Amino acid sequence: GFNYYTSRQVRKSRPGDVIGSWPLGSGAVELDAAFEIHPTWKKTDTFWFWINAPGFRNMMKWIKNNYGDIEILVTENGLAIGQVGLNDVDRVKYYRDHLEQMWLTINEDGVNVTGYTAWSLMDNFEWTDGYITKFGLYEVDFTDPKRPRTPRASAKYYKDVIRSHSYDVSDKYMKEEL
């Protein structure tokens, strides 16, 4: 199983680097490594999350190069954002771009990816953010004791991906107003 959300660039630490704690800090002291964020990556509402879809492909290629032609099942992949509502265009774009990278690594790099799971089906309690950060394809109203769930644009997009066996169905979900 393989979980992927975000990326970091890693380099050997330099004198004067202040390295925070692993895994969400600015490096790993025990590895003498510093983490960096590429300036072109988009920052999300969550302190540890930048969007880098090519990093998804690069990690799967790295697994193949280092461990051989093993089966990879993507068990978690998704976008953490703040209060977004039902028109989560950024999440649709995140899924489209990451599914495209997965398609490329299967078809161009020969990586043995056999399954994919979007994270998460619905909003939930996140370890560092409580109920503020939203990962879900379905919005959950945590103020209502019945916790009603309403599909976001990303749920409809993902449904079309599954139905059509194609990531390239996002145009109608990329509009600012649905």
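The structure we're discussing is the one just above.
Numbering of residues starts from 1 in every chain and runs along the sequence as written. Local features in this predicted model are restricted to residues whose pLDDT is 70 or higher, and side-chain atom pairs enter the listing and the counts only when it is 80 or higher, whereas totals over whole chains, interfaces and linings include all residues. Remark: hydrogens and water are excluded; side-chain values derive from all non-hydrogen atoms of the structure.

Here, a salt bridge means any Lys or Arg side-chain nitrogen found within 4 Å of an Asp or Glu carboxyl oxygen. Tallying each qualifying case throughout the model produces 13 salt bridges. Of the charged contacts, one joins Lys12 and Asp32 as a salt bridge, the two residues approaching to 2.6 Å between their closest N and O atoms. Taken as a pair, Lys12 in strand S2 (residues 9–12) and Asp32 in the loop between strand S3 (27–28) and strand S4 (33–36) lie far apart in primary sequence, 20 residues in all. Burial classes: relative accessible area under 20% of the type maximum marks a residue as buried, over 50% as exposed, and values in between as partly exposed (1.4 Å probe, protein chains only). Residue classification places Lys12 among the exposed residues on the basis of a relative accessible area of 59%. Asp32 sits in the partly exposed class, given a relative accessible area of 34%. Two residues, Asp90 and Lys42, come together in a salt bridge whose shortest N-O distance is 3.2 Å. Of this pair, Asp90 sits in helix H2 (residues 89–107) while Lys42 sits in strand S5 (residues 42–43), and the two are 48 residues apart along the sequence. Where helices and strands are cited, they refer to DSSP runs of H or I of at least four residues and of E of at least two residues respectively, numbered from the N terminus.

Here, strands pair whenever DSSP counts at least two bridges between them. Direction of pairing for strand S7 (residues 72–77) relative to strand S8 (residues 113–116): parallel, over a ladder of 3 bridges. Among the inter-strand pairings, Ile72 is bridged to a residue of S8, identified as Val113. Crossovers are described as right-handed under a simple rule: with the strands pointing away from the observer, the path leading from the first strand over the helix to the second runs clockwise. On the question of chirality, the crossover connecting S7 to the parallel S8 by way of H2 is right-handed.

Attention shifts here to the sheet that holds S8. Spatial ordering of the open sheet is given by S1-S7-S8, a layout of 3 strands whose pairing is parallel. Either end of the sheet is taken by a strand with one partner, and the two such strands are strand S1 (2–4) and S8. Ignoring which end each strand starts from, the neighbouring axes of this sheet average 30° apart. Whether two residues touch is decided by their heavy atoms; if any such pair falls within 4.5 Å, the residues are in contact. Throughout, an axis means a line fitted to C-alpha atoms (over the contacting stretch in the case of helices), and angles, computed between N-to-C directions, take values from 0 to 180 degrees. Packing against the sheet, H2 makes contact with S1, S7 and S8, and its axis sits at approximately 165° to S8.

Turning to helix H1 (residues 53–67), a few remarks are in order. For H1, spanning 15 residues, the distance from its first C-alpha to its last is 22 Å, which sits close to the expected 21 Å at 1.5 Å a residue. Listing the buried residues of H1 in full gives Ala53, Gly55, Phe56, Arg57, Met60 and Ile63. On the buried face of H1, the contacting elements are S1, strand S6 (50–51), S7, H2 and S8. Where H1 ends, the next residue or the one after it, Gly68, has phi of about 90°, a positive value. Given the number of residues in a helix, its expected span is that number minus one, multiplied by 1.5 Å.

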